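# Residue-level structural notes
For reference, the chains in residue letters:
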Amino acid sequence: MIFVDTHCHLNDEQFSDDLNEVIERAKKNGVRRIINFGAKFSDSKLAVELANENEELFAGVGIHPEEIDEFKIENAEEKLIELAQNKKVVAIGEIGLDYHWEKDIERQEIQKKIFVRQLDIACQLNLPVCIHERDAHGDALKILKAETKNIRGVLHCFSGSLEMAKEIWKMNFLIGIDGPLTFKNSAKLPEIVKAAPLEMILIETDAPYLAPTPYRGKRNEPAFVVEVAKKIAEIRGESLEKIAEITTRNAENLYSIR
């Protein structure tokens, strides 16, 4: 079986001492490709460098909604476009909206503007997008419906309702499923996974965050994405082999990786 961890942050300092070992553990667990995302210019640049140094790694570059001040630097869009043109870059991301921590209305408006600007860059470069959305369901849906006619993408670590998921699927966007699916308090997520068309699901770790059961509380890493796949198989009554095959194909089709 082959798995793809479609979202992690191996550029995080938590991996600075043992990145090679982390990648080897992933490979031994069947995780043959890993997409590593940036949240600001410095770690987007590092994600590209790591992808160029490691065959298994690919990169996404973008400015996270919690890092919107990054767009104050001179020629911010040009710098992002330049990074995105590297051959190992497969997406614009992690971009989006986050109102969980940001309650200031003016700052939320800036988030929306920068989100749209990065969606435009993805459209220009014909790249998919990886979207972070937290406590901003209405605004995120409104922007996606207006701005993504010609691009595809995924709502990473999906936290919305089944009704929202159905709207996302109508737009030909996927949802990313992470460690919280394995938690006892996973609430509505199992229902969404059970109802989802399998071709609209990706598996992710968001490493080093959100480690799945039985690793909860520890540093997450790409090898653990298999636990997410196992839980999806359990909920849907499918074989692990089928979940691995289809989610891998979904990743290949969205991100043009082989």
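Each chain has its residues counted from 1, following the order in which its sequence is written. Thresholds applied to this predicted model are a pLDDT of at least 70 for local features of residues and 80 or more for the giving and counting of side-chain atom pairs; totals over whole chains, interfaces and linings are not thresholded and use all residues. Values shown for side chains rest on all heavy atoms present in the structure; no hydrogens or waters enter the calculation.

## Comments concerning the nonpolar core
Counting 91 residues, the largest nonpolar core has Phe3, Ile92, Val129, Ile168, Ile177, Ile232 and Tyr255 as the members making the most contacts within it. In what follows, residue pairs with any heavy atoms lying within 4.5 Å of each other are defined as contacts. Not counting chain neighbours up to four residues away, the residues in contact with Ile177 comprise Leu189, Val193, Ile201, Leu202, Ile203, Glu204, Val228 and Ile232. Here, the term nonpolar core denotes a set of buried Ala, Val, Leu, Ile, Met, Phe, Trp, Tyr and Cys residues that are joined through side-chain atoms within 4.5 Å. Each residue gets one of three labels from its accessible area relative to the maximum for its type: buried under 20%, exposed over 50%, partly exposed in between, using a 1.4 Å probe on protein chains only.

## Here's the deal with the sheet that holds strand β1 (residues 3-8)
Strand pairing follows a simple DSSP-based rule, namely that at least 2 bridges must link the two strands. Helix and strand definitions here come from DSSP, where helices need a minimum of 4 consecutive H or I residues and strands a minimum of 2 consecutive E residues; each element is numbered from the N-terminal end. Reading across the sheet, the eight strands line up as β1-β2-β3-β4-β5-β6-β7-β8 and stay open at both edges, with parallel pairing between neighbours. The open sheet has two edge strands with one neighbour each: β1 and β8 (201-203). Adjacent strand axes in the sheet meet at a mean angle of 30°, parallel and antiparallel pairs treated alike. Note: strand β7 (residues 174-177) against β8, three bridges, orientation parallel. Bridging from a neighbouring strand, Ile177 pairs with Ile203 of β8. Simply put, an axis is a line fit to the C-alpha atoms, just over the touching stretch for a helix, and the angle between two N-to-C directions goes from 0 to 180 degrees. Across the face of the sheet, helix α9 (residues 240-255) comes into contact with β1, β2 (31-37), β4 (89-98), β5 (129-134), β6 (153-155), β7 and β8 while running at roughly 100° to β8.

## With respect to the pattern of salt bridges
We count a salt bridge whenever a side-chain nitrogen from Lys or Arg sits within 4 Å of a carboxyl oxygen from Asp or Glu. The tally for this structure, following the rule as stated, stands at 20 salt bridges. In this structure, Glu252 and Arg33 form a salt bridge, with 3.0 Å as the shortest nitrogen-oxygen distance. Taken as a pair, Glu252 in helix α9 and Arg33 in strand β2 lie far apart in primary sequence, 219 residues in all. Judged by relative accessible area, Arg33 falls into the buried class, the value being 9%. One salt bridge connects Glu227 with Lys230, and the closest N-O pair in it is separated by 3.5 Å. Placement of the pair is Glu227 and Lys230 together in helix α8 (residues 225-236), with a separation of three residues, close to one helical turn. Of the residues examined, Lys230 reaches a relative accessible area of 41% and is grouped as partly exposed. Linked through salt bridges whose partners overlap, the residues forming this network are Asp18, Arg25, Arg219 and Glu221.

## Some points on the pairing of β2
With six of its seven residues buried, β2 lies for the most part within the structure. Taken together, the four bridges between β1 and β2 define a ladder with parallel strand orientation. Bridging across to β2, Phe3 finds its partner in Val31. A crossover links β1 with its parallel partner β2, the connecting element being helix α1 (residues 19-28), and its sense is right-handed. Summarising the sheet, β2 and strand β3 (residues 57-61) pair through four bridges and their orientation is parallel. Bridge pairing links Ile34 to Leu57 in β3. Handedness of a crossover: with both strands directed away from the viewer, a clockwise path from the first strand across the helix to the second marks it as right-handed.

## Some remarks on helix α2 (residues 41-53)
Given a helix with a known number of residues, its expected span is that number minus one, times 1.5 Å. With 13 residues, α2 ought to run about 18 Å at 1.5 Å a step, and its terminal C-alpha atoms sit 19 Å apart, in line with that. Every buried residue of α2 is listed here: Phe41, Asp43, Ser44, Ala47, Val48, Leu50 and Ala51. Buried residues in α2 make contact with α1, β2, β3, α3 (76-84) and β4.

## Considerations on the packing of helix α5 (residues 137-147) against helix α6 (residues 162-170)
Contact geometry of α5 with α6 gives a least axis separation of 11 Å together with a crossing angle of 10°. By the angle between their directions, the pair α5 and α6 is classed as roughly parallel. Each of His137, Leu141, Leu144 and Lys145 in α5 lies in contact with α6, whose residues at this interface are Met164, Glu167 and Ile168. Asp, Glu, Lys and Arg are counted as charged, while Ala, Val, Leu, Ile, Met, Phe, Trp, Tyr, Cys and Pro are counted as nonpolar; the rest, among them Gly, fall into the polar class. Per-class residue counts for the contact of α5 with α6 are four nonpolar, one polar and two charged. Angle categories: roughly parallel below 35 degrees, roughly antiparallel above 145, roughly perpendicular from 65 to 115, and oblique for all the rest.

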